[in-house]
Amino acid sequence: MTENSTPTPEGEIAVEVQNLGVVFGSGANRTEALRSVSFKVPYNRSLGIVGESGSGKSTLAKVLVGLVAISSGEVVIGGKQFDKSGNREKLDPRLLQLIPQDPYSSLSPRRTAGEALAEALDPLHSNVRRRRDEIASWFEQVELSASSIDKYPHEFSGGQRQRIAIARALCVQPRVIIADEITSALDLSVQAEVLELLTQLRKELDLTVLFISHDLAVVRHISDEVAVLQDGEIMEFGDVDQIFIDPQAEYTRELLFAVPGGPGFRIRD
Ligand code: ADP
Ligand code: MG
């Protein structure tokens, strides 16, 4: 049930971003949040997107799920092309799901964790009772007990809430997930657990992952390639180990030295 039904040929592109630009506001309030951003992510690969606060990471995630409008350039998701004239309502939720920075923004305080999944599974006729087994199996996937189904978001710890947010995104069985700073608010040990879970799910479910963080050490754990964003532009793009061993951009070097333990530090090997 949790497997994607059709295997995707190795190397085919899941997400392509081409000369993407996003401008907010105008006049004195004009902010160019993204400038000529281009990259490709093949299916079953994981791209880490790293940069300081304000570098445009969340804007990029929001463009991909259709929450922020494209000002210039285009994105292609699962072969579907979107540009500034694009109608994003057509994007199949099974192509792409966002796990947002703050799980409270995807989990209503008035709905139980089970209801959050039931709603994602069937927005028009959500019904926990009818889908209880299916929901329970997703809770199991993210290592939460079946009794969690009837609890409300505030009854969970931060790490558990992120597990629910992950389950909610995954139950739709998307090909691609975008995780935006999903471990940033967590203690280091819980961070490592959530990263480990996502790494494991990625393999089990053949997921394509865009993993966003301001922390290069966290990104390293889960990425095949890394894009380094600064002020809305990609400063460096490449193989994750290469970027750690031999960073090309000065900004990447600064990010590396901002990592506790200095370059080469890993949360877990
Ligand atoms: P990050 O996620 O890397 O911290 P963001 O993508 O949230 O960065 O923000 C990038 C830039 O765009 C920042 O300067 C931010 O203030 C600006 N920005 C983001 N969203 C909006 C918005 N809705 N309206 C105006 N400016 C915005
Ligand atoms: Mg952000």
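Residues numbered from 1 in each chain as written. Chains lettered and ligands numbered in written order. Predicted model: local features only at pLDDT ≥ 70, side-chain atom pairs only at ≥ 80, totals over all residues. Heavy atoms only, no water.

Trainee: An account of the overall build of the protein chain is needed here, citing residue identities and associated values.
Mentor: Helix and strand counts for the protein chain stand at 8 helices and 10 strands. Rg of the C-alpha trace for the protein chain: 18 Å, near the compact-globule value of 18 Å for 269 residues, within the 12% margin. Projected onto its principal axes, the C-alpha positions of the protein chain cover 55 × 45 × 45 Å. Looking at the protein chain as a whole, 51% of its 269 residues are labelled buried. By sequence separation, contacts in the protein chain at least 24 residues apart represent 66% of the contacts at least 6 residues apart. (Helix = DSSP H or I, 4+ residues; strand = E, 2+ residues; numbered from the N terminus. Rg over C-alpha atoms; globule rule 2.2 N^0.38 Å. Buried < 20%, exposed > 50% of the residue type's maximum accessible area, 1.4 Å probe, protein only. Contact = heavy atoms within 4.5 Å.)

Trainee: Mind laying out the sheet that holds strand β5 (residues 80-82), listing which residues take part and the relevant values?
Mentor: The strands making up a sheet are joined through hydrogen bonds of the backbone, oriented either antiparallel or parallel. Sheet architecture is open: 4 strands sit in the order β2-β1-β4-β5, paired in antiparallel fashion. Strand pairing shows two members of the sheet lacking a second neighbour, β2 (31-42) and β5, which therefore form its edges. Averaged over all adjacent pairs, the angle separating strand axes in this sheet is 20°, with direction ignored. Examined bridge by bridge, strand β1 (residues 13-24) and strand β4 (residues 72-77) share 5 bridges and lie antiparallel to one another. (Pairing = 2+ DSSP bridges. Axes fitted to C-alpha atoms, helices over the stretch in contact; angles between N-to-C directions.)

Trainee: How would you explain the pairing of strand β10 (residues 233-239) if you had to name every residue and give the values?
Mentor: It is a general feature of regular strands that their side chains alternate between the two faces of the sheet. Alignment of strand β9 (residues 225-230) against β10, held across 6 bridges, turns out to be antiparallel. Within β10, the residue paired with A227 across the bridge is F237. Here β9 folds back onto β10, and the loop between the two strands holds 2 residues, one of which, D231, carries a positive phi near 45°.

Trainee: Which residues make up the sheet that holds strand β6 (residues 96-99), and what values go with them?
Mentor: As summarised here, the arrangement of the 6 strands in space is β6-β7-β8-β3-β9-β10, forming an open sheet in which the pairing is mixed. Each edge of the open sheet is held by one strand with a lone partner, namely β6 and β10. Direction aside, the axes of adjacent strands within the sheet are offset by 15° on average. Bridge count for strand β3 (residues 46-50) against β9 is 4 bridges, and the pairing is parallel. Within the sheet, the bridge partner assigned to G48 lies in β9 and is V226. Across the sheet, helix α4 (residues 158-170) is in contact with β6 and β7 (176-180); its angle to β6 comes to roughly 170°.

Trainee: Provide a residue-level description of helix α2 (residues 113-121), including the pertinent values.
Mentor: Taking burial as the measure, the 9 residues of α2 include 7 buried ones, the bulk of the element. Listing the buried residues of α2 in full gives A113, G114, A116, L117, A118, A120 and L121. Next to the buried residues of α2 lie α3 (132-141) and α4.

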